[in-house]
Amino acid sequence: MGQSQRHASVGTSPDGRWLNRWVGFVAGHPLTVLLATAALTVAAILHSASAVRMNSDVSTLLSQDEPFRRDFRDYTTAFPELADTTLVVVSSASLQRASDAVQRLGEALERRTDLIASVFAPGTGEFFRQHALLYLERKKLAAVVDRLAEAQPALAALARDQSLRALLRQLEMATDNLQEGRDAPGSARIANQVAAAAEGLLSGEPQAISWADEFIGGDATVYHRLLIVQGRSDFAQRIPSQQLVQGIRDTAAELGLTPENGVRVRLTGTVPLLHEEQEAVQVGLSLAAMISVALLALLLYFGIRSVPIIVATLVSLFVSLCWTTSFAMLTVGEFNMISAAFAVLLIGLGGDFAVHVGLRYEDEFRAGDGARAALTRAVTVLGGALSLCALTSAIGFLSFVPTPYHALGDLGIISAGGVFISLLASFTVFPAILAVMPEPKPRPATPGVAVFVGYELPNRYPRTVLAISAVLGISAALASTRIEFDFSNLSMRDPQSESVTTLQEIQAEGIVTDYAATVLAPDLASSEELAARLAALAPVASVETPMDFVPREQAAKLELIDDAAFFLEPALNPPTEEPAPTAEERMTALLSLRDRIAELPTGRGEDDSRLAMRRLGSALDRIAIAPSAAALAAQLETLVIADLPDRLDWLREALATGPVGFEDLPRSLRSRLVDARGRARLSVLPRGDMSEVDDLREFVAAVKTVAPHATGRPPVEVGVGDLVVESFRIAIFISLVLIAVVMLLYLRDPVDVLVLLAPILLGALFTIAMAVLIDMPFNMSNVVAIPLVMGLGVDTAIHMVLRFRESGSLAETMASSTPRAAILSALTTLAAFGSLSVSGHLGIRSLGLLLAISVFCLIFTSLVILPATIILRRPVRRWIYKHEAAALRGGR
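Keep in mind the model is a prediction, meaning the values are calculated, not measured. (Residues numbered from 1 in each chain as written. Predicted model: local features only at pLDDT ≥ 70, side-chain atom pairs only at ≥ 80, totals over all residues. Heavy atoms only, no water.)

1. What about the overall build of the protein?
From N to C terminus, the protein includes 36 helices and 8 strands. Counting all 892 residues of the protein, 54% fall into the buried class. Counting contacts in the protein only where the partners sit at least 6 residues apart, residues at least 24 apart contribute 83% of the total. (Helix = DSSP H or I, 4+ residues; strand = E, 2+ residues; numbered from the N terminus. Buried < 20%, exposed > 50% of the residue type's maximum accessible area, 1.4 Å probe, protein only. Contact = heavy atoms within 4.5 Å.)

So this is what it looks like as structure tokens:
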């Protein structure tokens, strides 16, 4: 086509004439346009700085009117202290140390009224202190009573003489028994504890003996104690729980509750899980934005090699981001965790318009037009195609607006606005910058065929390409039926984060479960009958009722406790108390025990008692030969006797316990079991693996047959999953229908519409099939990918079809800048979308990966399948028109 013919075709349509005049004005007054752009950009930045708001309340991401949301709202209204909680897990190798740490931390947090609304420590307080033995399982209580019986002589002696002297005398008596070949029950345990205290003292890391561990400690290597904290969050902040989470950590550190001191404090539960998720999302999006900009600049350099076009593209993109942020605040009014991703998406999409205009500008300039005329023609010729691409991309984004998935609806509004803003910048800012930059240096054209080496395949064998594509499409459609939707929030979080690993650990140990369904019984009396019906369901493992917090088998347990109280009478109520030992008496007892241990005969296969005694003898010998032996012995006594008086007092109280009923439970516990209306809370535990969607659905469905308003995490997750799937289907339908209608109105040719839609549908099918192959289920984040594919996939096809219409030859189309622009645009989009895969949030990461896969699929369908379809489009059109004409003749 000659130059005169090209110019004759410009402005033949109303939109072409309008764009011609507009770009002519921009190119003729670039400084004025750029000054106006700068003023608007500064105004947008100032507005955004004062108006930007991050709504981090995840409950607003979905519609609040769904039945499962109403059930959960009813539950949290009935039990407000159970909503939005932080579970503080305090762990230690010592039961007493863990219990003391929880008490100290709880008291400290209660004083932080600026951050903390309430603190609840399960199993602590005066009530559980007094009735602790009654709450042990019967088997465990029998073991505790046996242990107390073994320790009775030592306890009786220590009750009379609370000193190291008395304990060493008891151990010396046990050594005599071993010397004579008799058993020494309990001696190994006590000898090891004293030896550990002595070794810690000698190494400079003293640790006191925990008599609570001796009394009721088991064989566990780690003991966990919990605090349930309800804090105050500010949803206007970037991360609402930042101050709360950091405040708890700082308080624990100030109290010395650190691993160095034998205590580990970790956070999990609703708030910390969400806190770490929000951190991962925001850090990941910031990193993705920086990576995508860097990759965009790199791709532009190697793909265009024109400094003016690269500068104009990056400046236009910056302006678009500033204007879109201000637009977002004027329309939606806030960002949420999902809509905050608009910047990365816009970087990938906003640069596409400039790339197409820039490369077409080079084409026109090489054809002999001056720089200003080439610029005007490039924008004018591409204006319709770019506007159509912007419209179809916006449809893909806006398709979620009518759905109950409000978060994606907000993202759609912001991103759709950003697409049109980027289009405006490409028609205004981009040509204005090029107009003030030096003219491009003449360079030989880069053949489009050379850019895409696969051109010859669809050109020579179009029917073969389409046949193979049909087979691949059918295979992809079959594979797509196996796609799963994972609606578990936990699966989208970093599996190595503290909140996730801690939750998994305490769930594995049966301390808590995050997957219990909650059912509200009308009253306490009917709760047991309802629990029995629920427990009879096959997917249900067990049901916890408020009455489970009343100790069971009380008669048998009280009998064991009475027996212990009888044989421990000398220890609990000693007739007399001996005076504290002198330093000399203390050393005498120490040396005497050391010498008796040294006399133990050695031999192979020594039992635990002899090994423990030899360990103790070695530690005592090191103290005895130390220069400050007497001082070390005094310090050892402090470590050994540290909490003994308190433990003996507790033992007296615990052995004096009596029967317990529900009304005897602490008010703070009863309010978490029965609400103000008298409704009883039941926890229904599942039998199956709740990470498996089928098991989860089966469990929820079964529970709802008995309790239709059951709530908790399993019913909520199923409800959310169904809602997102429904939103997904609505968005797909809207995208497909509206894009088809827009294409038909614009192209006015049903054959061309079919030509455009075929690659889109195949690209979507290939994307879903690839997700199945790599075992990537849909989730709440990446589900937006397919509607976006519907909107974005048509862009390249539009450019190809319209360029073909302009040239009338596929060879000329493939030799033009259009395929190169398509590939470069796809690569810039791929760079932006792919950068999301660096996010620590697994949902955002999967979105980036799925979008990157979709871009590859669309490149294949648009540059292989589409050319083959274009070649065969004329026979298809003739066939359609022939049959239409035949139908009309038959109608006459």
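The structure having been displayed, the exposition proceeds.
2. Concerning the environment of Ala-629
Relative to the elements of secondary structure, Ala-629 occurs in helix α27 (residues 629-641). Sequence separation of Ala-629 and Met-587 is 42 residues, and the distance between their C-alpha atoms is 8.0 Å. Non-local contacts of Ala-629, meaning those with residues more than four positions away in its chain, are made with Met-587, Ile-623 and Ala-624.

3. Some points on a nonpolar patch on the surface
Residues Phe-733, Val-737, Leu-738, Val-741 and Leu-745 make up a contiguous nonpolar surface patch of roughly 470 Å² in combined accessible area. Topologically, Phe-733 is positioned in helix α31 (residues 713-747). (Patch = residues over 30% accessible without salt bridge, like charges linked within 9 Å, V, L, I, M, F, W, Y side chains within 5 Å. Areas by Shrake-Rupley, 256 points an atom, 1.4 Å probe, with all protein chains shown as cover. Salt bridge = Lys/Arg side-chain N within 4 Å of Asp/Glu carboxyl O.)

4. Concerning unusual backbone geometry
Even without being glycine, Asp-84 reaches a positive phi, approximately 50°. Mapped onto the secondary structure, Asp-84 falls in the loop between α4 (67-78) and β1 (85-92). For Asp-84, a relative accessible area of 52% translates into the label exposed. At Glu-553, a position not held by glycine, the phi torsion is positive, near 55°. Inspection of the secondary structure assignment puts Glu-553 in the loop between β6 (540-544) and α23 (554-567).

5. Remarks on the pairing of β1
Counting buried positions along β1 gives 8 out of 8 residues, so the element sits mostly inside the fold. Residues Thr-85, Leu-87, Val-89 and Ser-91 point to one face of β1 and Thr-86, Val-88, Val-90 and Ser-92 to the other, with burial holding for every one of them. In the sheet, β1 pairs with strand β3 (residues 223-231) via 8 bridges, with the strands oriented antiparallel. Bridge assignment links Thr-85 to a residue of β3, and that residue is Gln-230. Where β1 meets strand β4 (residues 264-268), 5 bridges bridge the pair, whose relative direction is antiparallel. Directly across from Ser-91, in β4, lies its bridge partner Arg-264. (Pairing = 2+ DSSP bridges.)

6. Considering the nonpolar core
Counting 154 residues, the largest nonpolar core has Tyr-405, Val-519, Leu-534, Val-684, Met-743 and Ile-798 as the members making the most contacts within it. Every residue in contact with Val-684, bar those within four places of it in the chain, is listed here: Tyr-515, Ala-516, Ala-517, Val-519, Leu-534, Val-540, Ser-542, Val-543, Phe-699 and Val-703. Counting 44 residues, the second largest nonpolar core, distinct from the first, contains Leu-171, Leu-178, Leu-593 and Ala-626. (Core = buried A, V, L, I, M, F, W, Y, C linked by side-chain atoms within 4.5 Å.)

7. Some details on a negative patch on the surface
Taken together, Glu-484, Asp-689, Glu-692, Asp-694, Glu-698 and Asp-775 make up a surface patch of like negative charges. With respect to the helices and strands, Asp-694 occurs in helix α30 (residues 693-706). (Lys, Arg positive; Asp, Glu negative; His and termini not counted. Charge placed at Lys NZ, Arg CZ, Asp CG, Glu CD.)

8. Focus on the packing of helix α14 (residues 342-366) against helix α16 (residues 406-427)
Packing of α14 against α16 brings their axes to within 9 Å, and their N-to-C directions diverge by 30°. As summarised for this structure, α14 and α16 are arranged roughly parallel, according to the angle between their axes. By crossing handedness, the relation of α14 to α16 is classed as right-handed. Here Phe-342, Leu-345, Leu-346, Leu-349, Gly-350, Phe-353 and Ala-354 of α14 lie close against α16, whose contacting residues are Leu-411, Ile-414, Ser-415, Gly-418, Val-419, Ser-422, Leu-423 and Ser-426. In terms of residue class, the contact of α14 with α16 is made up of 10 nonpolar, 5 polar and no charged. (Axes fitted to C-alpha atoms, helices over the stretch in contact; angles between N-to-C directions. Parallel < 35°, antiparallel > 145°, perpendicular 65-115°, else oblique. Left-handed = near helix turned anticlockwise from the far one by under 90°. Nonpolar A, V, L, I, M, F, W, Y, C, P; charged D, E, K, R; others polar.)

9. Quick look at the sheet that holds β4
One open sheet accounts for 4 strands, arranged β2-β3-β1-β4; its pairing is antiparallel. Of all strands in the sheet, those with a lone pairing partner are β2 (116-120) and β4, marking the two edges. Neighbouring strand axes in the sheet, compared pairwise and without regard to direction, differ in orientation by 25° on average. The strands touched by helix α11 (residues 242-254) are β1, β2, β3 and β4; relative to β4, the strand with the most contacts, the crossing angle is about 170°. Each of β1, β3 and β4 touches helix α21 (residues 498-508); the most contacted strand, β4, lies at about 100° to it.

10. Side note on the pairing of β3
By the criterion of burial, β3 is predominantly enclosed, with 7 of the 9 residues buried. Inspection of the sheet shows β2 paired to β3 by 4 bridges, in the antiparallel sense. The residue bridging Ser-118 from the neighbouring strand is Gln-230, located in β3.

11. With respect to the sheet that holds strand β8 (residues 711-712)
Read from one edge of the open sheet, 4 strands run β6-β7-β5-β8, paired in antiparallel fashion. The open sheet has two free edges, formed respectively by β6 and β8, since each of these has just one partner strand. Where β6 meets strand β7 (residues 680-686), 4 bridges bridge the pair, whose relative direction is antiparallel. From the neighbouring strand, Val-543 faces β7, where its bridge partner is Val-684.

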